[in-house]
Amino acid sequence: READCVMRILPFEDPDVVSRRLLRTQYAVYGRPGLWNPAAGDGAGCRLVLMDTAFGSMPDVGWVTRILPNASVAARSNSREAQARLCALGVGLAVLPRPLGDATPGIEPIDLGESPPARDTWLGYHRDMRRQPRLSRFVELVVARLAATGP
């Protein structure tokens, strides 16, 4: 309760919080080229690199285990960067944010006919702060920088 402004991946529900969606991050399934050939609805013979069990309720975990129900779990990590590295080493398929997956050498997106759920990032601050010039300038800066990075 000390922060002037918060960014998070869940929308704010408190009526005293002014919020706005900052960006939407697309996700994709990635794998080492030529190593895995998963079939949607099956996944037999494929291995997955998933979020740690503490984060098992994240939408991408449920999605990939539904799309590839017969795939085995090879590794778990709460670090998306570690997941990308494990994927590049050939440990298994990973659902990654597109900016990270596309920038990671040695992996490529795999089309399973359906995209994993996208995630939104929200910015929020208490309504009493909305007229604070420093907060207004900060929000303007964040929005401008995100707009400059593209979709």
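Conventions used here
Residues numbered from 1 in each chain as written. Predicted model: local features only at pLDDT ≥ 70, side-chain atom pairs only at ≥ 80, totals over all residues. Heavy atoms only, no water. Pairing = 2+ DSSP bridges. Helix = DSSP H or I, 4+ residues; strand = E, 2+ residues; numbered from the N terminus. Axes fitted to C-alpha atoms, helices over the stretch in contact; angles between N-to-C directions. Phe/Tyr/Trp six-rings, centres within 6.5 Å; stacked < 30°, edge-to-face > 60°. Lys NZ or Arg CZ within 6 Å of the ring centre and 35° of its normal. Contact = heavy atoms within 4.5 Å. Core = buried A, V, L, I, M, F, W, Y, C linked by side-chain atoms within 4.5 Å. Buried < 20%, exposed > 50% of the residue type's maximum accessible area, 1.4 Å probe, protein only. Arc of directions from axis to C-beta.

Draft legend 1. Focus on the sheet that holds strand S4 (residues 47–50). Taken together, the 5 strands give an open sheet; going across it, the order is S5-S4-S6-S3-S7, and neighbouring strands pair in mixed fashion. The sheet is open, and its two edges are formed by strand S5 (72–76) and strand S7 (108–110), each paired on a single side. Between one strand axis and the next, the sheet turns through 45° on average, direction left out of account. Sheet analysis places S4 next to strand S6 (residues 93–97), joined by 2 bridges and oriented parallel. By the bridge assignment, Val49 is partnered in S6 with Ala94.

Draft legend 2. Here's a closer look at the packing of aromatic side chains. As enumerated under the stated definition, the model contains 0 aromatic pairs in all. One cation-aromatic arrangement involves Arg8 over Phe12; the distance from NZ or CZ to the ring centre is 4.1 Å.

Draft legend 3. Structural context of the environment of Tyr125. For Tyr125, the location among the structural elements is in strand S8 (residues 119–126). Sequence separation of Tyr125 and Arg20 is 105 residues, and the distance between their C-alpha atoms is 9.6 Å. Once residues within four sequence positions are removed from consideration, Tyr125 is found in contact with Asp4, Cys5, Asp16, Val17, Val18, Arg130, Leu135 and Val139.

Draft legend 4. Fine view of the nonpolar core. Val29, Leu48, Trp63, Val64, Leu68, Leu93 and Leu112 are the most contacted members of the largest nonpolar core, which has 18 residues in total. When contributions to this core are tallied by element, the ones reaching two or more residues are strand S3 (27–31), S4, helix H1 (59–67) and S6. No other element matches H1, which puts 4 residues into this core. The residues touching Leu68, leaving out its near neighbours within four places in the chain, are Pro38, Ala39, Ala40, Asp42, Gly43, Leu48, Leu93 and Leu112. If you look at the next biggest cluster of nonpolar residues, it comprises 9 residues, including Tyr30, Val49, Cys87 and Ala88.

Draft legend 5. Structural view of the side chain of Thr104. Tracing the backbone shows Thr104 in the loop between helix H3 (98–103) and S7. Those residues within four positions of Thr104 in sequence are excluded, and the remaining contacts are Ala84 and Ala88.

Draft legend 6. How the structure looks around H1. Restricting attention to buried positions, one finds in H1 the residues Asp60, Val61, Trp63, Val64 and Ile67. Each buried residue of H1 lies within a common arc of 165° when the element is viewed along its axis, so the set occupies one face. Where the residues of H1 are buried, they touch S3, S4, helix H2 (80–88) and S6.

Draft legend 7. Quick look at the sheet that holds strand S1 (residues 6–8). Reading across the sheet, the 3 strands line up as S1-S8-S2 and stay open at both edges, with antiparallel pairing between neighbours. Edge positions in the open sheet fall to S1 and strand S2 (17–25), since each of these has one partner strand only. The mean angle between the axes of side-by-side strands here comes to 20°, regardless of whether they run parallel or antiparallel. Where S1 lies against S8, 3 bridges are found, and the strand directions are antiparallel. In the strand pairing of S8, Arg8 is matched with Trp122.

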